[in-house]
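Observations on chain architecture
Next come the chains, spelled out residue by residue.
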Amino acid sequence: MPSKRFSRRQFSSIAGWSALGMPVLSAGSSLADLGKETGLPNRRAFSGFPTGFLWGTATSAYQIEGAINEDGRGPSIWDRFAHTRGTISDHSNADTATDHYYRYREDVQLMKALGAKAYRFSIAWPRVFPEGVGTPNPKGLDFYNRLLDELSANGIEPFATLYHWDLPQALQDRFGGWTSRDTSKAFADYAAHVAKHLSDRVKHFFTINECSRHVPLGHGNGADAPGLKLSHSGLHQVRHNLALGHGLAVQAIRAHGRAGTRVGPAENAVSCIPAIETPENIRAAEIAMRELNAGYLTVMLEGKYTDAFLTQAGNDAPKYPAEDLRIISSPIDFIGLNVYTPDHYVVAADNERGFTLAPFPASFPHMNATWLRPGPEAMYWVPRHVAKLWNVKSIYITENGTSGSDQPAADGTVYDVDRIMYLRNYLTQLQRATSEGVPVLGYFLWSLMDNFEWSDGYEQRFGLYRVDFDTKRRTPKLSASFYRETIARNAVA
Ligand code: PNW
């Protein structure tokens, strides 16, 4: 499909908005106008997001780019993993994925059609350093240069993630990947190179996406690349080396990026929600949040492992020189939080830890992906806990969204009202947070379009745009209209 702009009218009809007979509001119109247009009394006061709140969408390189052998890209651990029998549920791989490498211009128009002003994407390390270290491949960065120019021409601000799990296979073969601190050092060199070349246009970098998934799934149960099943001590060391890689990359970006370049992690923090919002449960949830993230956000922000964490790790605790903790806790400019689901509902308890984690009843609902239990209040509590526990002044929601079955109806439209229900509830909770002063500056919806969902292959669709994986054609789902209206009103539509 050629690169194409969507007019408001086309967009509305594509997404079935006018078919529903709903009023189409012009950008900047408010709920008061909605009252006028529908004749309904508008009882709700306008409840918007702060001025300047940044609305965006998110993707990652391996999940969308394809073109795995183009322009000198080296293999990544995900290429190797996806081509290993029995790893991906639908036996697929991301060799072509959504073909974004060749369709990025069209994809920037998809963002523009939403009215999004920011885009979080990731840079493929094996495009930039095909061997992980050594001689950079200039054609690798050329692709991101073209993407950045296209974003800039369309008024969309880039937020770049340096590592979204696609480690160069050469580093896995040579050093054992993240089992070795040589990989942490290689990551810093790669970060320095990217900062040097892209920080004229990229003002915000995320270091590593979701250490908290990459460690246990990639290195514990082997469900993600590189498919390792390490012992407890091996896992602790991988986790420590990733945290070290984060800290070294923060320092590299400071040293090699232009003045004013901002950097932080993008973490899927273990989310701890007070089961009932009493002061006791809230306090217990804060304690749980700090302890259950001890190997991730807590060590990055406090520069030490908590006593409980070390006691529990015992002889399996990571081994490292003392100065690592200083590196890991290098000052950052913001925290990126991926928020999908409540990991734990917490009840205050008179025990040593001060909390009990409520077991999930079998009847707790889930979205299309069974791991994705809807709990919109996570979108309030996670940033609130992070702001309060560590006095964090700037937070971005770096991912939030859901998969759905997303089958087109007879008229061709995907009426993904389950996704809209999910988003509306999460965004209402986010608005609760910002209205109370929790410093969330922006929100990146996962995902712009359907893509390669790791070991679920193409069976879990998270996009606002449906992708036909045979033709690569993109079509807006109804949720694209929902998000567009939310952005236009700067309030939950
Ligand atoms: C994130 N969980 O993964 C990743 O950053 C994305 O690449 C991915 O496509 C997206 O979320 C949707 O899955 C997660 O079990 C996977 O809580 C699983 C969980 C969280 C995040």
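Located above this text is the structure these notes cover.
Here we summarise the structure given alongside this text. (Residues numbered from 1 in each chain as written. Predicted model: local features only at pLDDT ≥ 70, side-chain atom pairs only at ≥ 80, totals over all residues. Heavy atoms only, no water.)

1. Some thoughts on the pattern of salt bridges
- Inspection of the entire model under this criterion finds 25 salt bridges.
- Residue arginine 474 is joined to aspartate 107 by a salt bridge in which the shortest nitrogen-to-oxygen separation is 2.8 Å. Residue arginine 474 is located in strand S13 (residues 474-476), and its partner aspartate 107 is located in helix H5 (residues 100-114); the two are separated by 367 residues in the primary sequence.
- Looking at arginine 474, the relative accessible area reads 1%, which means it is buried.
- A salt bridge links arginine 213 to aspartate 224, with the nearest nitrogen and oxygen atoms 2.9 Å apart. Of this pair, arginine 213 sits in helix H10 (residues 211-219) while aspartate 224 sits in the loop between H10 and helix H11 (232-256), and the two are eleven residues apart along the sequence. This pair shows no difference in class: arginine 213 is buried, exactly as aspartate 224 is.
- Residues participating in the shared-partner salt-bridge network are Asp406, Asp416, Arg419, Asp450, Arg461 and Lys477. (Salt bridge = Lys/Arg side-chain N within 4 Å of Asp/Glu carboxyl O. Helix = DSSP H or I, 4+ residues; strand = E, 2+ residues; numbered from the N terminus. Buried < 20%, exposed > 50% of the residue type's maximum accessible area, 1.4 Å probe, protein only.)

2. Details of the site of the ligand
- Around the ligand sit 15 residues, and of these Gln63, His164, Arg213, Glu399 and Glu453 come closest.
- Residue asparagine 209 places a side-chain N or O atom 2.9 Å away from an oxygen atom belonging to the ligand.
- Taking glutamate 453, its side chain carries an N or O atom lying 2.6 Å from an oxygen atom of the ligand.
- Relative to its unbound accessible area of 450 Å², the ligand is 91% covered by the protein chains.
- At a threshold of 2 Å from the grid points, most atoms of the ligand map onto the largest pocket.
- When the residues that make up the shell around the ligand are grouped by side-chain class, the tally is six nonpolar, five polar and four charged. (Near = heavy atom within 4 Å. Polar contact = N/O pair within 3.5 Å; in protein donor to acceptor, adjacent residues only side chain to side chain. Areas by Shrake-Rupley, 256 points an atom, 1.4 Å probe, with all protein chains shown as cover. 1 Å grid on protein atoms, 1.4 Å probe; cavity = no way out; pocket = protein on both sides within 12 Å on 5 of 7 lines; lining within 4 Å. Sits in = over half its atoms within 2 Å of the grid points. Nonpolar A, V, L, I, M, F, W, Y, C, P; charged D, E, K, R; others polar.)

3. Quick word on the sheet that holds strand S5 (residues 262-267)
- Spatially, the eight strands close up into a barrel ordered S1-S2-S3-S4-S5-S7-S10-S11, and their pairing is parallel. On average, adjacent strands in this sheet sit at an angle of 25 degrees to one another, irrespective of strand direction.
- Where strand S10 (residues 395-399) lies against strand S11 (residues 440-446), three bridges are found, and the strand directions are parallel. What sits directly across from isoleucine 397, in S11, is tyrosine 443.
- Packed on one face of the sheet, helix H13 (residues 294-302) meets S5 and strand S7 (335-338) and runs near 155 degrees to S5. (Pairing = 2+ DSSP bridges. Axes fitted to C-alpha atoms, helices over the stretch in contact; angles between N-to-C directions. Contact = heavy atoms within 4.5 Å.)

4. Brief notes about the packing of aromatic side chains
- Tallied over the entire structure, the rule returns 45 aromatic pairs.
- Between tyrosine 104 and phenylalanine 143, the ring centres sit 5.6 Å apart and the planes meet at 90 degrees, which makes this aromatic pair edge-to-face. One end of the pair, tyrosine 104, is in helix H5; the other, phenylalanine 143, is in helix H7 (residues 138-153), with 39 residues separating them in the sequence.
- Relative accessible area serves as the criterion here: at 4%, tyrosine 104 is assigned to the buried category.
- When the ring of tyrosine 345 is compared with that of phenylalanine 360, the centres are 5.8 Å apart and the planes differ by 65 degrees; the resulting orientation is edge-to-face. Remark: phenylalanine 360 occurs in the loop between strand S9 (355-358) and helix H16 (378-390) and tyrosine 345 occurs in strand S8 (residues 344-348); sequence separation between them is 15 residues. (Phe/Tyr/Trp six-rings, centres within 6.5 Å; stacked < 30°, edge-to-face > 60°.)

5. As for the layout of surface pockets
- Quantified by volume, the largest pocket comes out at close to 1,100 Å³.
- In this structure, the largest pocket is lined by 41 residues; those nearest its centre are Ser212, Pro216, Val270, Leu292 and Tyr296.
- Secondary-structure elements contributing two or more residues to the lining of the largest pocket are H10, H11, helix H12 (279-292), H13 and helix H14 (307-313).
- Its residues assigned to classes, the lining of the largest pocket comprises 20 nonpolar, twelve polar and nine charged. (Points joined across faces, edges and corners; volume = space filled by probe spheres on them.)

6. Notes on the packing of H16 against helix H17 (residues 417-435)
- Direction vectors running N to C along H16 and H17 enclose 35 degrees, while the axes themselves pass 7 Å from each other. From H16, Met379, Tyr380 and Trp381 reach across to H17, where they touch Tyr426, Gln429, Leu430, Arg432 and Ala433.
- When the residues that make up the contact of H16 with H17 are grouped by side-chain class, the tally is six nonpolar, one polar and one charged.

7. Topic: the side chain of histidine 240
- Looking at where histidine 240 falls in the secondary structure, it is placed in helix H11.
- Setting aside its immediate chain neighbours within four residues, histidine 240 contacts Tyr305, Pro318, Tyr320, Asp324 and Ile328.

8. Quick notes on unusual backbone geometry
- Look at the link from alanine 225 to proline 226: it is a cis peptide, with omega at 5 degrees.
- In this fold, proline 226 is placed in the loop between H10 and H11.
- The step from tryptophan 446 to serine 447 runs through a cis peptide bond, and the omega angle for that step is 10 degrees.
- As for its placement among the helices and strands, serine 447 is situated in the loop between S11 and strand S12 (465-467).
- The phi angle at alanine 97 is positive, at roughly 45 degrees, despite the residue not being glycine.
- With respect to the helices, strands and loops of the structure, alanine 97 is situated in the loop between helix H4 (77-82) and H5.
- The exposure class of alanine 97 is buried, given its relative accessible area of 0%.
- Within the chain, aspartate 99 stands out as a residue other than glycine whose phi angle is a positive 65 degrees.

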